[in-house]
Amino acid sequence: MQWNEDQKALRAAVTALGQVIGDGHLERDAGASFSHDGWKRLCEAGLPALPFEPEYGGLGQSLSTTMYVLEGLGHSCRDAGLNFSASTHLVSAGVPVQRFGSAELKRRFLPGIVDGSTIGAHAITEADGGSDVMGMRTTAVPDGDDAFVLNGSKAFVSNGPIADLIVVYARTGRPGNPAGLTAFLVERDTPGLTVGRPIAKMGLRSSPLCELFLDDVRVPRSQVIGSAGAGFLVLDHVMKWEILCSFVINVGEMQHRLEQCVSYARTRRQFGRHIGSYQSVSNLIVGMRVDVETSRKWLYDTAEKIVGRENAAVDVAISKLVVSEANVRSALTAIQIYGGHGYMAEVGLEKELRNAVAGTLYSGTTQIQQQRIAALMGLGRPAPARTEQGLE
Ligand SMILES: Cc1cc2nc3c(=O)[nH]c(=O)nc-3n(C[C@H](O)[C@H](O)[C@H](O)COP(=O)(O)OP(=O)(O)OC[C@H]3O[C@@H](n4cnc5c(N)ncnc54)[C@H](O)[C@@H]3O)c2cc1C
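First, a word on scope: everything that follows refers to the structure included in this document.

Rules behind the numbers
- Residues numbered from 1 in each chain as written.
- Predicted model: local features only at pLDDT ≥ 70, side-chain atom pairs only at ≥ 80, totals over all residues.
- Heavy atoms only, no water.
- Buried < 20%, exposed > 50% of the residue type's maximum accessible area, 1.4 Å probe, protein only.
- Helix = DSSP H or I, 4+ residues; strand = E, 2+ residues; numbered from the N terminus.
- Arc of directions from axis to C-beta.
- Contact = heavy atoms within 4.5 Å.
- Salt bridge = Lys/Arg side-chain N within 4 Å of Asp/Glu carboxyl O.
- Pairing = 2+ DSSP bridges.
- Expected span 1.5 Å × (residues − 1).
- Polar contact = N/O pair within 3.5 Å; in protein donor to acceptor, adjacent residues only side chain to side chain.
- Phe/Tyr/Trp six-rings, centres within 6.5 Å; stacked < 30°, edge-to-face > 60°.
- Lys NZ or Arg CZ within 6 Å of the ring centre and 35° of its normal.
- Axes fitted to C-alpha atoms, helices over the stretch in contact; angles between N-to-C directions.
- Parallel < 35°, antiparallel > 145°, perpendicular 65-115°, else oblique.
- Nonpolar A, V, L, I, M, F, W, Y, C, P; charged D, E, K, R; others polar.

## Side note on helix α3 (residues 36-44)
Given 3.6 residues to a turn, an α-helix orients residues that are three or four positions apart in the same direction.
Part 1: Every buried residue of α3 is listed here: Gly-38, Trp-39, Leu-42 and Cys-43. With its buried residues spanning 135 degrees around the axis, α3 presents them on a single face.
Part 2: Packing partners of the buried residues in α3 comprise α1 (5-21), α4 (63-76), α5 (80-100) and α6 (103-115).
Part 3: Gly-46 lies just past α3 and shows a positive phi near 85 degrees.

## Thoughts on the pattern of salt bridges
Part 1: Summed over the entire model, instances satisfying the criterion amount to 23 salt bridges.
Part 2: Here Asp-291 ties to Arg-329 by a salt bridge, and the two come within 2.8 Å at their closest N and O atoms. Of this pair, Asp-291 sits in helix α8 (residues 279-307) while Arg-329 sits in helix α9 (residues 313-338); the two residues are 38 residues apart in sequence, bridging distant segments of the chain.
Part 3: For Asp-291, a relative accessible area of 13% puts it in the buried group.
Part 4: Residue classification places Arg-329 among the partly exposed positions, given a relative accessible area of 43%.
Part 5: With a closest N to O distance of 3.2 Å, Asp-301 and Lys-297 form a salt bridge. In this pair, Asp-301 and Lys-297 are both assigned in helix α8, 4 residues apart and thus about one turn of the helix distant.
Part 6: Look at Asp-301 and you get partly exposed, because its relative accessible area is 36%.

## Describing the pairing of strand β2 (residues 139-142)
Moving residue by residue along a regular strand, the side chains alternate between the two faces of the sheet.
Part 1: Two elements, β2 and strand β3 (residues 147-158), share 4 bridges in a ladder whose sense is antiparallel. Note that in β3 the partner of Ala-140 across the bridge is Leu-150.
Part 2: As consecutive antiparallel partners, β2 and β3 are separated by 4 residues, and within that stretch Gly-144 has a phi angle of approximately 70 degrees, a positive value.

## A few points about α1
Part 1: Between its terminal C-alpha atoms α1 stretches 24 Å, which fits the 24 Å expected from 17 residues at 1.5 Å a residue.
Part 2: Those residues of α1 that sit buried are Gln-7, Arg-11, Val-14, Thr-15, Leu-17, Gly-18 and Ile-21.
Part 3: In the core, the buried residues of α1 are packed alongside α2 (25-31), α3, α4 and α5.
Part 4: Residue Asn-4 occupies the N-cap position of α1, its side-chain oxygen lying 3.0 Å from the main-chain nitrogen of Asp-6.

## Topic: the packing of aromatic side chains
Part 1: Taken as a whole and assessed by the stated rule, the structure comprises 6 aromatic pairs.
Part 2: Between Phe-84 and Tyr-362 the ring centres are 4.7 Å apart and the planes differ by 40 degrees, which places this aromatic pair in the tilted class. Taken together, the residues span a long stretch of sequence, with Phe-84 in helix α5 and Tyr-362 in the loop between α11 (349-358) and α12 (366-376) at a distance of 278 residues. Summarising the burial analysis for this pair, Phe-84 and Tyr-362 share the class buried.
Part 3: When the ring of Phe-247 is compared with that of Tyr-362, the centres are 5.5 Å apart and the planes differ by 40 degrees; the resulting orientation is tilted. Of this pair, Phe-247 sits in helix α7 (residues 231-267) while Tyr-362 sits in the loop between α11 and α12, and the two are 115 residues apart along the sequence. One exposure class covers both Phe-247 and Tyr-362, and it is buried.
Part 4: Aromatic ring contacts, followed pair by pair, group Trp-3, Tyr-68 and Tyr-300 into a single cluster.
Part 5: Seen from the ring of Phe-100, Arg-99 lies directly overhead, with NZ or CZ sitting 4.6 Å from the centre.

## Brief notes about the packing of α1 against α3
Part 1: Orientation of α1 relative to α3, taken along the N-to-C sense of each, is 170 degrees, at an axis distance of 10 Å. Relative to α3, α1 is oriented roughly antiparallel. In this structure, α1 uses Leu-17, Val-20 and Ile-21 to contact α3, whose residues at the interface are Gly-38, Arg-41 and Leu-42.
Part 2: A class-by-class count of the residues in the contact of α1 with α3 yields 4 nonpolar, 1 polar and 1 charged.

Here it is in structure tokens:
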């Protein structure tokens, strides 16, 4: 990709900030704490505004420019939890409202999402199932002509503990019916909505996550995103953005890790030579390079297809699979290259491995992506896109 001076300037500003707001990442990981200060500074730098319409305070940037800047964040900011929260905010609430929201929804909610004063999240997964999205149990029942009443519970809501606005996906039709899901924009202080306590997790600890309980939550019909029954379409659009925006941050992280390993292999000496002069070590680094280049190419090529309105269903699934698995490999390889030092928490690589594992689970697990690719090749069960989205 060729980037112009404006795009480079946008990325440079976020990259410079990333180097500062990443400070203290090891402590925040250990204490599972979110950096409100880092978030505020990202908002001041315009990160959550990138792809949104200028009419609502956005910067009006393209999908690929947004990705380019997010890649810079991943490269410079070692607080991967903060980075993940930022991409979750951007894609979970802002993207569906901009694409499908009514004029009223945009006017009411986009300015706060865009300037980051309103933190967004989305709630799809339930305790009984994440991969089988169409089997969700949370229901939304019409209450008169102007509202729905939501009942159920959601599991693993990233940003949930800090969110002001949550896009809740609920069933308004028969289970398994693709036209039976609806997306609702629910404000945190809506009566009947209870936000659970943060759940401790393996990685991405500085990005808080929780359960959500909905007990007769009355949501005005005007807060349906798109229309009743269009939740599946909304989610499909959001997932494309999530895979591109969240995983391009991983590309930045992989690039940083690669540079770190090249530098280490050039300076660390064993048996009187740099360890990088041993072919078995340099081959590991070459593998990291191939992984990061392949990942980057898949993501940006897929973004181009989506913007060009080409069918990118298989590309999205391949991209997600390629990058998430490459990120785990890269983190594991980096630990090997650093030897015993790589295993120590203070170096930060063991944290990167814990973080990377999450990417093989959210946005559709590795197995679900494989199943989608197989189905798109005419293998396996028919129409997996209708029954097993493997979406968040
Ligand atoms: C860090 C993190 C952040 C998350 N953030 C959010 C969020 O913000 N909002 C949200 O709604 N959810 C979120 N999730 C949840 C995530 O989307 C789900 O965990 C994921 O979709 C998998 O669902 P599950 O955990 O119920 O696993 P299951 O669906 O129960 O899967 C269990 C295992 O079975 C496999 N499997 C299931 N079905 C099939 C099949 N048909 N073919 C082959 N293998 C199959 C899976 O690959 C997996 O290995 C998050 C998860 C994590 C780890």
